[in-house]
Amino acid sequence: MSKRLIYILLPLLLFTACPSDKQKDTDFSKEFEIPDSIIYEGELEISEQAMGDIVQNISSPVEIAALIKAVGVPYSQDYLATTDYIDNYNTSFKKAIGLGIFGADLGYQNMYNKTSSVIDYIHAIKTLADGIRVGQFFDFTTLKRLATNNQNLDSLMYISVQNFNQMDRYLRESNRSSLSSLIVAGVWIESIYLLGEVIKKSPNAELSEKIGEQKIILSNLMLLLKNYERDPRFKELIDDLSVIQEIYREVTITYEKGEPEAIEEDGMLIFKQNDKQFIEISDETLFKIIDKTVEVRNKIIQL
Amino acid sequence: MRMKTIYIIPTLFLIILFGNTKLYAQSGQELVDICGMVAGHATGDATLLKDFQIKLDEAKPGEEAPRAVYSVVLSKNTEYLFSICNSRDYPGEAIFQLYDNNRLLVTNYIISTGKYYPKVSFKCSTTGVYHMFITFKEGKQGLAVTLLSFVKRL
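The helix and strand inventory of chain A stands at 11 helices and 4 strands. Residue burial in chain A is summarised as follows: out of 303 residues, 42% are buried. Put simply, of all contacts in chain A between residues at least 6 apart along the chain, 73% involve residues at least 24 apart.

What follows concerns the overall build of chain B. If you tally the helices and strands in chain B, you get 2 helices and 10 strands. Listed N to C, the secondary structure of chain B is α-α-β-β-β-β-β-β-β-β-β-β in terms of helices and strands. Within chain B, the proportion of its 154 residues that are buried is 40%. Pairs at least 24 apart in sequence give 79% of the contacts found in chain B among residues at least 6 apart.

Bringing the packing of helix H3 (residues 61-70) of chain A against helix H8 (residues 177-201) of chain A into the picture now. Residue and element names in this part refer to chain A. Running from amino to carboxyl end, H3 crosses H8 at an angle of 5°, the nearest separation of the two axes being 10 Å. One element, H3, and the other, H8, form an angle in the roughly parallel class. Contact residues: H3 offers Pro61, Ile64 and Ile68, while H8 offers Val187, Ser191, Leu194, Leu195 and Val198. Tallied by class, residues from the contact of H3 with H8 come to 7 nonpolar, 1 polar and no charged.

Let's shift gears to the confidence of the model for chain A. When pLDDT is averaged along chain A, the result is 83; 81% of the residues meet or exceed 70. For residues 8-52 of chain A, every residue scores under 50 in pLDDT, and the model assigns this stretch 54 contacts once sequence neighbours within four places are set aside.

Spatially, E2(A)-E3(A)-E8(B)-E3(B)-E10(B)-E1(B) is the arrangement adopted by the 6 strands of the open sheet, whose pairing is mixed. In the strand order of this sheet, the two ends are held by strand E2 (261-265) of chain A together with strand E1 (47-56) of chain B, each with one partner. Each strand of the sheet is rotated relative to its neighbour by a mean of 20°, with strand direction disregarded. Where strand E3 (residues 78-86) of chain B and strand E8 (residues 119-124) of chain B come together, 6 bridges link them in antiparallel fashion. Residue B:Tyr80 lies in a different strand from E8(B), and its bridge partner there is B:Phe122. The strands that H3(A) touches are E1, E3 and strand E10 (142-153) of chain B; relative to E10(B), the one it contacts most, it runs at about 20°. Most of the contacts of helix H2 (residues 28-39) of chain B go to E10(B), to which it runs at about 40°, and overall it touches E1, E3, E8 and E10 of chain B.

Strand pairing in a sheet relies on backbone hydrogen bonds, with the paired strands running either antiparallel or parallel. All names here are of chain B. Strand order in the open sheet formed by 4 strands is E2-E9-E4-E5, and the pairing between neighbours is antiparallel. Of all strands in the sheet, those bounded by a partner on one side alone are strand E2 (67-74) and strand E5 (104-107). This sheet shows a mean twist of 25° between the axes of neighbouring strands, independent of strand direction. Two elements, E2 and strand E9 (residues 128-136), share 8 bridges in a ladder whose sense is antiparallel. Paired with Ala68 across the two strands is Ile134, which belongs to E9.

Residue and element names in this part refer to chain A. Compared with the 30 Å implied by 1.5 Å per residue over 21 residues, the 30 Å span of helix H9 (residues 205-225) between its first and last C-alpha is a close match. In the structure, H9 departs most strongly from a straight axis at Ile216, where the bend amounts to approximately 40°. Judged by how many residues are buried, H9 sits mostly within the fold: 15 of 21 residues are covered.

The next subject is the confidence of the model for chain B. Residues and elements named next belong to chain B. In the predicted model, chain B carries a mean pLDDT of 85, and 84% of its residues have values of at least 70. Within the model, pLDDT remains below 50 along residues 14-23, and this stretch shows 11 contacts once partners closer than five positions in the same chain are excluded. Overall fold confidence for the complex sits at a pTM of 0.81, while the interface term, ipTM, reaches 0.83.

Axis angle and axis distance: for two packed helices, these are the angle between their axes and the distance between the axes, and together they describe the pair. All names here are of chain A. Following both chains from N to C, one finds H9 and helix H10 (residues 232-247) inclined at 160°, their axes separated by 11 Å at the closest point. With respect to H10, the axis of H9 lies roughly antiparallel. The crossing of H9 and H10 is left-handed. For the pair formed by H9 and H10, the contact residues are Leu218, Met222 and Leu225 on the first element and Phe234, Leu237, Ile238, Leu241, Ile244 and Gln245 on the second. Class assignment for the residues of the contact of H9 with H10 results in 8 nonpolar, 1 polar and no charged.

Definitions and cut-offs
Residues numbered from 1 in each chain as written. Chains lettered and ligands numbered in written order. Predicted model: local features only at pLDDT ≥ 70, side-chain atom pairs only at ≥ 80, totals over all residues. Helix = DSSP H or I, 4+ residues; strand = E, 2+ residues; numbered from the N terminus. Buried ≥ 20, exposed ≤ 12 C-beta atoms within 10 Å, placed from the backbone. Contact = placed C-beta atoms within 7 Å. Axes fitted to C-alpha atoms, helices over the stretch in contact; angles between N-to-C directions. Parallel < 35°, antiparallel > 145°, perpendicular 65-115°, else oblique. Nonpolar A, V, L, I, M, F, W, Y, C, P; charged D, E, K, R; others polar. pLDDT = per-residue confidence, 0-100. Pairing = 2+ DSSP bridges. Expected span 1.5 Å × (residues − 1). Bend = angle between axes of the 7 residues up to and from the residue. Left-handed = near helix turned anticlockwise from the far one by under 90°.

If you want it as structure tokens, here you go:
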């Protein structure tokens, strides 16, 4: 009897001696030490460490989509990049930038609770993520279930954002920041494309101003991408975005300083910034930016 | 034989029990999920934008407390929520501060009153790059998560 007990307990002991998945923190880089042809091998202008210190959230599909929805513009599937030619995203460069583009489209659909069309996009994202070996962070099964059941839509948004954060963190930690930068670039390009398409159909001062303030964001994105400009594919992307940046020279941004204030409401501390920011963008400049963004974006998705 | 068994079985149980305590150590990702509940992601009160997992060592004697620094882009006319959650496995309590170029705009710890807030709201009026500084109170060792969430357009 006692021998039997030992036979039962020994495997249990061995099992507990092995770390569980939950124990292993988030440092997956040690877990997946695989040679990777998509690690950027050129010299960086700044170190990978410093890359991590650069702006963490250059563009957010959530915020742009929330703004589009807040101004009362109806949803349109026509704005979105097609997932029909996913196989054409056949290099790590194209897969990473495509991930950003489809990520932005997913954010837009999630914001409008368009779960029926979401499945194609989460499938495309999973395919591209697998292609650059970050598919393990994209919870396709849960997202598909939530989308299919048309429930827990907040969870759908939360999980998809969190999955993108995990992919981004893993790429940075495993010295593949170049791919992380491309995802960021893809999100930014698609977000501005979406804004532009909406403005063309429903002109709106707030949306136009949003395009104008991207002057600040684009300069940070360029800083990020220029680290890899020795790669001809990056060089081409940088050259395309430089044209947009050149147009942005016509946008003027001025500031008026104010004193920040803090108030406590229902136990919550609320800080209010009282600075003012004025963005001047003419219609001509606005449409030059929109047209050039369409050109850059379509060049990427038509492949 | 029977006596041996009496010793072996409880010993094995103790080892298993000891091993199992490790399973309950909070990982950064688990903290993100817990903090998401604090932020109200499940109820739709806020939408996650970015999570920051911070693990810092204890400050060495005579030296400043270690700190983590991140830069984020925030947009004008937008309300954001910063949620700060500390791991129960470490003594440190995270102090969060948000700066623009040179001014402190947001913090979750008011030194004058000693009040500590697990989440703070920021009504942003200027699109630009902001800098997040995270340290642990009294330079203690700590593991914490800070979530940046979108609340609403203003």
